[in-house]
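Geometric and topological summary
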Amino acid sequence: MSKHLIVGAGPVGTAAARLLADRGEEVTVVTRSGRTAAPLPGVRHLRLDATDAEALGAAAAGAAVLYNCANPAYHRWATDWPPLAAALLGAAESSGAVLATVGNLYGYGAVDGPMTEDTPLAPNTVKGAVRAKMWQDAEALHRAGRIRATEVRGSDYVGPGAESVLGERVVPRVLAGRGVQVLGDPDTTHSWTYTLDAARLLVAVGSDERAWGRPWHVPGNPPRTQREAVADLARAAGLPPVPVSRIPGPVLALLGLVNPTVRAVRETAYQLERPFVMDSAAAERTFGLTPTPWQEVLTAVVEAHRGPQPA
(Lines give C-alpha, C1' and ligand atoms only; values in the text may rest on other atoms or scores of the structure.)
Protein backbone atom coordinates (compact mmCIF):
# COMPACT_ATOMS: atom_id res chain seq x y z
CA MET A 1 0.00 0.00 0.00
CA SER A 2 1.23 3.47 -0.91
CA LYS A 3 -0.17 6.92 -0.22
CA HIS A 4 -1.90 8.94 -2.94
CA LEU A 5 -3.18 12.52 -2.67
CA ILE A 6 -5.78 13.74 -5.17
CA VAL A 7 -6.60 17.44 -5.46
CA GLY A 8 -10.11 17.85 -6.83
CA ALA A 9 -13.24 15.73 -6.75
CA GLY A 10 -14.64 16.16 -10.24
CA PRO A 11 -15.41 13.16 -12.48
CA VAL A 12 -11.74 12.36 -13.23
CA GLY A 13 -10.48 12.85 -9.66
CA THR A 14 -13.35 10.80 -8.25
CA ALA A 15 -12.81 7.99 -10.76
CA ALA A 16 -9.07 7.96 -10.01
CA ALA A 17 -9.79 7.76 -6.28
CA ARG A 18 -12.04 4.74 -6.84
CA LEU A 19 -9.47 2.99 -9.02
CA LEU A 20 -6.70 3.50 -6.45
CA ALA A 21 -8.88 2.50 -3.48
CA ASP A 22 -10.04 -0.63 -5.31
CA ARG A 23 -6.45 -1.79 -5.61
CA GLY A 24 -5.84 -1.22 -1.90
CA GLU A 25 -3.96 2.07 -1.91
CA GLU A 26 -4.23 4.75 0.80
CA VAL A 27 -6.16 7.55 -0.89
CA THR A 28 -6.95 11.08 0.27
CA VAL A 29 -9.04 13.52 -1.78
CA VAL A 30 -8.51 17.22 -1.13
CA THR A 31 -11.31 19.75 -1.70
CA ARG A 32 -12.18 23.15 -0.27
CA SER A 33 -15.26 21.71 1.43
CA GLY A 34 -13.83 18.35 2.44
CA ARG A 35 -16.79 16.68 0.74
CA THR A 36 -17.56 14.97 -2.56
CA ALA A 37 -20.81 14.44 -4.45
CA ALA A 38 -21.02 10.88 -3.13
CA PRO A 39 -19.06 9.02 -0.43
CA LEU A 40 -16.13 7.00 -1.70
CA PRO A 41 -15.55 3.81 0.30
CA GLY A 42 -12.01 3.49 1.56
CA VAL A 43 -11.15 7.10 0.67
CA ARG A 44 -10.30 9.85 3.16
CA HIS A 45 -11.62 13.34 2.44
CA LEU A 46 -9.62 16.37 3.54
CA ARG A 47 -10.77 19.98 3.68
CA LEU A 48 -7.92 22.16 2.45
CA ASP A 49 -7.27 25.21 0.31
CA ALA A 50 -4.91 23.77 -2.30
CA THR A 51 -3.44 27.20 -3.05
CA ASP A 52 -1.86 27.05 0.43
CA ALA A 53 1.49 25.57 -0.61
CA GLU A 54 2.62 24.84 2.95
CA ALA A 55 -0.60 23.05 3.91
CA LEU A 56 -0.68 21.12 0.64
CA GLY A 57 2.95 20.10 1.06
CA ALA A 58 2.20 18.82 4.57
CA ALA A 59 -0.76 16.81 3.25
CA ALA A 60 1.42 15.35 0.48
CA ALA A 61 4.23 14.30 2.85
CA GLY A 62 4.94 10.63 2.31
CA ALA A 63 2.74 10.39 -0.79
CA ALA A 64 3.93 8.42 -3.79
CA VAL A 65 1.85 10.50 -6.19
CA LEU A 66 0.15 13.90 -6.05
CA TYR A 67 -2.63 14.17 -8.63
CA ASN A 68 -3.77 17.53 -9.94
CA CYS A 69 -7.45 16.99 -10.80
CA ALA A 70 -8.52 20.50 -9.84
CA ASN A 71 -10.95 22.44 -12.02
CA PRO A 72 -11.23 26.17 -11.32
CA ALA A 73 -14.23 28.02 -12.75
CA TYR A 74 -13.83 28.15 -16.52
CA HIS A 75 -13.94 31.93 -16.75
CA ARG A 76 -11.38 32.33 -13.92
CA TRP A 77 -8.51 30.23 -15.22
CA ALA A 78 -6.21 33.21 -15.73
CA THR A 79 -6.53 34.27 -12.09
CA ASP A 80 -7.16 30.98 -10.25
CA TRP A 81 -4.77 28.55 -11.95
CA PRO A 82 -1.39 30.27 -11.40
CA PRO A 83 -1.42 30.20 -7.55
CA LEU A 84 -2.88 26.70 -7.52
CA ALA A 85 -0.33 25.38 -10.03
CA ALA A 86 2.51 27.00 -8.06
CA ALA A 87 1.32 25.37 -4.84
CA LEU A 88 1.16 21.96 -6.52
CA LEU A 89 4.72 22.34 -7.82
CA GLY A 90 5.89 23.36 -4.36
CA ALA A 91 4.12 20.43 -2.72
CA ALA A 92 5.59 17.99 -5.24
CA GLU A 93 9.07 19.32 -4.56
CA SER A 94 8.81 19.35 -0.77
CA SER A 95 7.15 15.93 -0.54
CA GLY A 96 8.99 14.11 -3.32
CA ALA A 97 5.68 12.86 -4.72
CA VAL A 98 5.29 12.44 -8.47
CA LEU A 99 3.05 15.22 -9.82
CA ALA A 100 0.49 13.82 -12.28
CA THR A 101 -1.70 16.50 -13.82
CA VAL A 102 -4.94 16.31 -15.76
CA GLY A 103 -4.41 18.65 -18.69
CA ASN A 104 -6.06 19.33 -22.03
CA LEU A 105 -5.34 20.24 -25.65
CA TYR A 106 -5.71 24.01 -25.36
CA GLY A 107 -1.98 24.62 -25.33
CA TYR A 108 -1.59 23.38 -28.91
CA GLY A 109 -3.76 26.19 -30.26
CA ALA A 110 -5.41 25.90 -33.67
CA VAL A 111 -3.60 23.16 -35.56
CA ASP A 112 -3.94 21.31 -38.86
CA GLY A 113 -4.08 17.54 -38.63
CA PRO A 114 -4.19 15.22 -35.61
CA MET A 115 -2.51 16.41 -32.42
CA THR A 116 0.20 14.20 -30.92
CA GLU A 117 2.30 14.71 -27.81
CA ASP A 118 5.02 16.09 -30.09
CA THR A 119 2.78 18.85 -31.47
CA PRO A 120 4.40 22.15 -30.38
CA LEU A 121 2.65 24.21 -27.74
CA ALA A 122 1.43 27.33 -29.56
CA PRO A 123 -1.59 28.64 -27.63
CA ASN A 124 -3.86 31.12 -29.35
CA THR A 125 -6.07 31.92 -26.34
CA VAL A 126 -5.62 33.14 -22.78
CA LYS A 127 -6.76 29.81 -21.37
CA GLY A 128 -4.44 27.95 -23.71
CA ALA A 129 -1.51 30.07 -22.55
CA VAL A 130 -2.36 29.30 -18.93
CA ARG A 131 -2.35 25.55 -19.54
CA ALA A 132 0.80 25.65 -21.66
CA LYS A 133 2.70 27.54 -18.97
CA MET A 134 1.56 25.09 -16.31
CA TRP A 135 3.17 22.23 -18.19
CA GLN A 136 6.27 24.21 -19.16
CA ASP A 137 6.88 25.15 -15.51
CA ALA A 138 6.45 21.54 -14.40
CA GLU A 139 8.66 20.25 -17.20
CA ALA A 140 11.40 22.75 -16.32
CA LEU A 141 11.46 21.59 -12.69
CA HIS A 142 11.43 17.97 -13.82
CA ARG A 143 14.42 18.54 -16.09
CA ALA A 144 16.21 20.33 -13.25
CA GLY A 145 15.75 17.21 -11.10
CA ARG A 146 13.64 19.04 -8.54
CA ILE A 147 10.39 17.15 -9.15
CA ARG A 148 9.06 14.25 -11.19
CA ALA A 149 6.13 15.31 -13.35
CA THR A 150 3.82 14.04 -16.05
CA GLU A 151 0.54 15.15 -17.59
CA VAL A 152 -2.41 13.43 -19.25
CA ARG A 153 -4.27 15.39 -21.92
CA GLY A 154 -7.80 14.80 -23.10
CA SER A 155 -10.21 16.46 -25.47
CA ASP A 156 -13.78 17.47 -24.53
CA TYR A 157 -14.99 15.20 -21.78
CA VAL A 158 -17.92 12.83 -22.01
CA GLY A 159 -19.16 10.92 -18.98
CA PRO A 160 -21.49 11.08 -15.99
CA GLY A 161 -21.12 14.46 -14.31
CA ALA A 162 -18.74 15.85 -16.92
CA GLU A 163 -18.93 19.52 -17.84
CA SER A 164 -19.09 19.07 -21.59
CA VAL A 165 -20.62 20.33 -24.80
CA LEU A 166 -22.26 16.89 -24.77
CA GLY A 167 -23.42 17.35 -21.18
CA GLU A 168 -26.29 19.10 -19.42
CA ARG A 169 -27.20 21.31 -22.36
CA VAL A 170 -27.62 18.31 -24.67
CA VAL A 171 -28.46 15.02 -22.95
CA PRO A 172 -31.73 16.04 -21.23
CA ARG A 173 -33.04 17.43 -24.51
CA VAL A 174 -32.15 14.25 -26.37
CA LEU A 175 -33.93 12.16 -23.73
CA ALA A 176 -36.97 14.43 -24.04
CA GLY A 177 -36.98 14.10 -27.84
CA ARG A 178 -36.26 17.79 -28.33
CA GLY A 179 -33.95 19.44 -30.83
CA VAL A 180 -30.41 20.39 -29.79
CA GLN A 181 -28.41 23.51 -30.52
CA VAL A 182 -24.65 23.03 -30.31
CA LEU A 183 -21.65 25.29 -30.11
CA GLY A 184 -19.77 25.65 -33.37
CA ASP A 185 -20.11 23.59 -36.54
CA PRO A 186 -22.22 20.45 -35.98
CA ASP A 187 -20.45 18.68 -38.84
CA THR A 188 -16.73 19.02 -38.12
CA THR A 189 -14.84 16.05 -36.69
CA HIS A 190 -13.97 16.16 -33.01
CA SER A 191 -12.25 13.93 -30.47
CA TRP A 192 -14.03 13.09 -27.22
CA THR A 193 -12.51 11.82 -23.97
CA TYR A 194 -14.28 9.52 -21.52
CA THR A 195 -13.66 10.63 -17.94
CA LEU A 196 -12.97 7.08 -16.76
CA ASP A 197 -10.37 6.57 -19.50
CA ALA A 198 -8.65 9.77 -18.34
CA ALA A 199 -8.59 8.45 -14.78
CA ARG A 200 -7.16 5.10 -15.89
CA LEU A 201 -4.30 6.79 -17.72
CA LEU A 202 -3.72 9.20 -14.83
CA VAL A 203 -3.33 6.35 -12.37
CA ALA A 204 -1.04 4.51 -14.78
CA VAL A 205 1.36 7.41 -15.42
CA GLY A 206 1.62 8.36 -11.77
CA SER A 207 3.30 5.12 -10.83
CA ASP A 208 5.22 4.29 -14.03
CA GLU A 209 8.60 5.99 -14.39
CA ARG A 210 8.42 5.58 -18.19
CA ALA A 211 5.70 8.23 -18.12
CA TRP A 212 7.55 10.93 -16.22
CA GLY A 213 8.89 14.03 -17.90
CA ARG A 214 6.40 14.16 -20.75
CA PRO A 215 2.67 14.44 -21.54
CA TRP A 216 0.37 11.63 -22.70
CA HIS A 217 -2.89 11.70 -24.62
CA VAL A 218 -5.83 9.81 -23.15
CA PRO A 219 -6.87 6.79 -25.25
CA GLY A 220 -9.92 7.77 -27.26
CA ASN A 221 -12.35 6.45 -29.84
CA PRO A 222 -12.37 7.65 -33.46
CA PRO A 223 -13.59 11.25 -33.74
CA ARG A 224 -17.28 12.01 -34.17
CA THR A 225 -18.97 15.19 -35.28
CA GLN A 226 -21.36 16.80 -32.83
CA ARG A 227 -24.28 15.81 -35.07
CA GLU A 228 -23.09 12.19 -35.08
CA ALA A 229 -22.49 12.22 -31.32
CA VAL A 230 -26.00 13.52 -30.61
CA ALA A 231 -27.47 10.82 -32.86
CA ASP A 232 -25.31 8.25 -31.06
CA LEU A 233 -26.69 9.46 -27.72
CA ALA A 234 -30.26 9.05 -28.94
CA ARG A 235 -29.46 5.57 -30.21
CA ALA A 236 -27.89 4.61 -26.87
CA ALA A 237 -31.10 5.76 -25.17
CA GLY A 238 -33.24 3.71 -27.55
CA LEU A 239 -34.78 6.87 -29.00
CA PRO A 240 -35.11 8.34 -32.49
CA PRO A 241 -32.61 11.04 -33.52
CA VAL A 242 -33.39 14.69 -32.82
CA PRO A 243 -32.70 17.76 -34.95
CA VAL A 244 -29.28 19.35 -34.47
CA SER A 245 -28.39 22.93 -35.35
CA ARG A 246 -25.76 25.44 -34.28
CA ILE A 247 -26.33 28.29 -31.84
CA PRO A 248 -26.45 31.45 -33.96
CA GLY A 249 -23.46 33.73 -33.44
CA PRO A 250 -25.54 36.78 -32.41
CA VAL A 251 -27.36 34.71 -29.78
CA LEU A 252 -24.04 33.50 -28.36
CA ALA A 253 -22.74 37.07 -28.29
CA LEU A 254 -25.79 38.28 -26.39
CA LEU A 255 -25.51 35.44 -23.88
CA GLY A 256 -21.87 36.33 -23.37
CA LEU A 257 -22.83 39.80 -22.22
CA VAL A 258 -24.50 38.40 -19.10
CA ASN A 259 -22.81 35.02 -18.63
CA PRO A 260 -19.03 34.92 -17.97
CA THR A 261 -18.85 31.20 -18.75
CA VAL A 262 -20.36 31.76 -22.19
CA ARG A 263 -17.82 34.54 -22.79
CA ALA A 264 -15.05 32.13 -21.84
CA VAL A 265 -16.43 29.43 -24.13
CA ARG A 266 -16.41 31.80 -27.10
CA GLU A 267 -12.62 32.15 -26.74
CA THR A 268 -12.12 28.45 -27.49
CA ALA A 269 -14.87 28.14 -30.11
CA TYR A 270 -12.21 27.44 -32.77
CA GLN A 271 -12.03 23.88 -31.39
CA LEU A 272 -15.57 23.29 -32.70
CA GLU A 273 -15.23 25.15 -35.99
CA ARG A 274 -12.55 22.98 -37.59
CA PRO A 275 -11.34 19.38 -37.18
CA PHE A 276 -10.05 18.93 -33.64
CA VAL A 277 -8.56 15.45 -33.52
CA MET A 278 -6.25 13.86 -30.94
CA ASP A 279 -3.90 10.94 -31.56
CA SER A 280 -3.53 8.68 -28.51
CA ALA A 281 -1.43 5.89 -29.99
CA ALA A 282 1.57 6.54 -27.71
CA ALA A 283 -0.32 5.94 -24.46
CA GLU A 284 -2.17 2.95 -25.87
CA ARG A 285 1.08 1.36 -27.02
CA THR A 286 3.15 2.18 -23.92
CA PHE A 287 0.65 1.29 -21.20
CA GLY A 288 -1.50 -1.28 -22.97
CA LEU A 289 -4.64 0.81 -22.54
CA THR A 290 -7.57 0.95 -24.93
CA PRO A 291 -10.50 3.38 -24.95
CA THR A 292 -13.81 2.30 -23.51
CA PRO A 293 -16.06 1.46 -26.49
CA TRP A 294 -18.05 4.51 -27.59
CA GLN A 295 -21.39 2.77 -27.12
CA GLU A 296 -20.52 1.93 -23.50
CA VAL A 297 -19.51 5.55 -22.87
CA LEU A 298 -22.83 6.89 -24.14
CA THR A 299 -24.82 4.23 -22.30
CA ALA A 300 -23.15 5.33 -19.05
CA VAL A 301 -24.06 8.96 -19.80
CA VAL A 302 -27.69 8.10 -20.54
CA GLU A 303 -28.06 5.92 -17.45
CA ALA A 304 -26.58 8.63 -15.22
CA HIS A 305 -29.09 11.18 -16.51
CA ARG A 306 -32.05 8.83 -16.25
CA GLY A 307 -31.12 7.77 -12.71
CA PRO A 308 -32.22 4.54 -11.02
CA GLN A 309 -35.02 2.79 -12.89
CA PRO A 310 -37.96 1.04 -11.22
CA ALA A 311 -37.50 -2.70 -10.77
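Everything below is about the structure printed above this text.
On a predicted model such as this, the values are computed, not experimentally measured, just so you know. (Residues numbered from 1 in each chain as written. Predicted model: local features only at pLDDT ≥ 70, side-chain atom pairs only at ≥ 80, totals over all residues. Heavy atoms only, no water.)

Notes on the overall build of the protein
When its secondary structure is counted, the protein shows 11 helices and 11 strands. Relative to the globule expectation of 19 Å for 311 residues, the C-alpha radius of gyration of the protein, 19 Å, shows essentially globular dimensions. Relative to its 311 residues, the protein shows a buried fraction of 52%. Taking contacts inside the protein between residues at least 6 apart in sequence as the whole, the part at least 24 apart equals 74%. Of the roughly 13,900 Å² of accessible surface on the protein, 54% is carried by carbon and sulfur atoms. Taken together, the 30 basic and 30 acidic charged side chains of the protein have centroids lying 5 Å from each other. (Helix = DSSP H or I, 4+ residues; strand = E, 2+ residues; numbered from the N terminus. Rg over C-alpha atoms; globule rule 2.2 N^0.38 Å. Buried < 20%, exposed > 50% of the residue type's maximum accessible area, 1.4 Å probe, protein only. Contact = heavy atoms within 4.5 Å. Areas by Shrake-Rupley, 256 points an atom, 1.4 Å probe, with all protein chains shown as cover. Lys, Arg positive; Asp, Glu negative; His and termini not counted. Charge placed at Lys NZ, Arg CZ, Asp CG, Glu CD.)

Overview of the pairing of strand β2 (residues 26–31)
Among the 6 residues of β2, 5 are classified as buried, and the element is accordingly described as predominantly covered. Of the pairings in the sheet, the one linking strand β1 (residues 3–7) to β2 comprises 5 bridges and is parallel in character. Note on β2: the bridge partner recorded for Ile-6 is Val-29. The handedness of the β1 to β2 crossover, carried by helix α1 (residues 11–22), is right-handed. (Pairing = 2+ DSSP bridges. Right-handed = clockwise from strand over helix to strand, strands pointing away.)

Here we look at the environment of Val-297
Structurally, the position occupied by Val-297 is in helix α11 (residues 294–306). For the pair Val-297 and Leu-196, spaced 101 residues apart in the sequence, the C-alpha separation amounts to 9.1 Å. Apart from the residues within four sequence positions on either side, Val-297 is in contact with Val-158, Tyr-194 and Thr-292.

Side note on the nonpolar core
Ranked by internal contacts, the top residues of the largest apolar core, which has 35 residues, are Ile-6, Tyr-67, Leu-201, Leu-202, Val-205, Trp-216 and Phe-287. Contributions of two or more residues to this core are made by α1, β2, β4 (65–68), β5 (98–104), α6 (195–206) and α10 (281–287). Per-element tally for this core: the top contributor is α6, with 7 residues. In contact with Leu-201, other than residues within four places in its own chain, are Val-152, Trp-216, His-217, Val-218, Pro-219, Ala-283, Phe-287 and Leu-289. The next biggest cluster of nonpolar side chains, apart from the first, holds 33 residues, and it includes Val-7, Val-30, Leu-66 and Leu-141. (Core = buried A, V, L, I, M, F, W, Y, C linked by side-chain atoms within 4.5 Å.)

Focus on the packing of α1 against α6
Two elements in contact, α1 and α6, have axes whose closest approach is 8 Å; the angle formed by their N-to-C orientations is 55°. Between α1 and α6, the interaxial angle falls into the category oblique. Every pair of crossing elements has a handedness; the one defined by α1 and α6 is right-handed. Here α1 contributes Pro-11, Val-12, Ala-15, Ala-16, Leu-19 and Leu-20 to the contact with α6, which in turn contributes Thr-195, Leu-196, Ala-198, Ala-199, Arg-200, Leu-202 and Val-203. Residues that form the contact of α1 with α6 fall into these classes: 11 nonpolar, 1 polar and 1 charged. (Axes fitted to C-alpha atoms, helices over the stretch in contact; angles between N-to-C directions. Parallel < 35°, antiparallel > 145°, perpendicular 65-115°, else oblique. Left-handed = near helix turned anticlockwise from the far one by under 90°. Nonpolar A, V, L, I, M, F, W, Y, C, P; charged D, E, K, R; others polar.)

Section: the side chain of Arg-153
Along the chain, the position of Arg-153 falls in strand β6 (residues 149–154). On the accessibility criterion, Arg-153 (3% relative accessible area) is buried. Reaching out from Arg-153, the side chain makes a polar contact with the side chain of Tyr-108 at a distance of 2.7 Å. A polar side-chain atom of Arg-153 sits 2.7 Å from a polar atom in the side chain of Glu-151. (Polar contact = N/O pair within 3.5 Å; in protein donor to acceptor, adjacent residues only side chain to side chain.)

Some details on the pairing of β6
Counting buried positions over the 6 residues of β6 gives 6, a clear majority of the element. Of the two faces of β6, the one holding Ala-149, Glu-151 and Arg-153 and the one holding Thr-150, Val-152 and Gly-154 are both buried throughout. Taken together, the 6 bridges between β5 and β6 define a ladder with parallel strand orientation. The residue bridging Leu-99 from the neighbouring strand is Ala-149, located in β6. Traced from β5 through helix α4 (residues 126–143) to β6, the parallel crossover comes out right-handed. Across 3 bridges, the pairing between β6 and strand β10 (residues 215–217) is parallel. Each residue of the ladder has a partner; that of Arg-153, found in β10, is His-217.

Re the packing of helix α2 (residues 53–60) against helix α3 (residues 77–95)
Where α2 meets α3, the closest approach of the two axes is 8 Å, and the angle between their N-to-C directions is 40°. Here α2 is positioned oblique relative to α3, judged by the angle of their axes. Considering how the two elements wind past one another, α2 and α3 form a crossing that is right-handed. Across the interface between the two elements, Ala-53, Leu-56, Gly-57 and Ala-60 from α2 touch Ala-87, Leu-88, Ala-91, Ser-94 and Ser-95 from α3. Of the residues contributing to the contact of α2 with α3, the split by class is 6 nonpolar, 3 polar and no charged.

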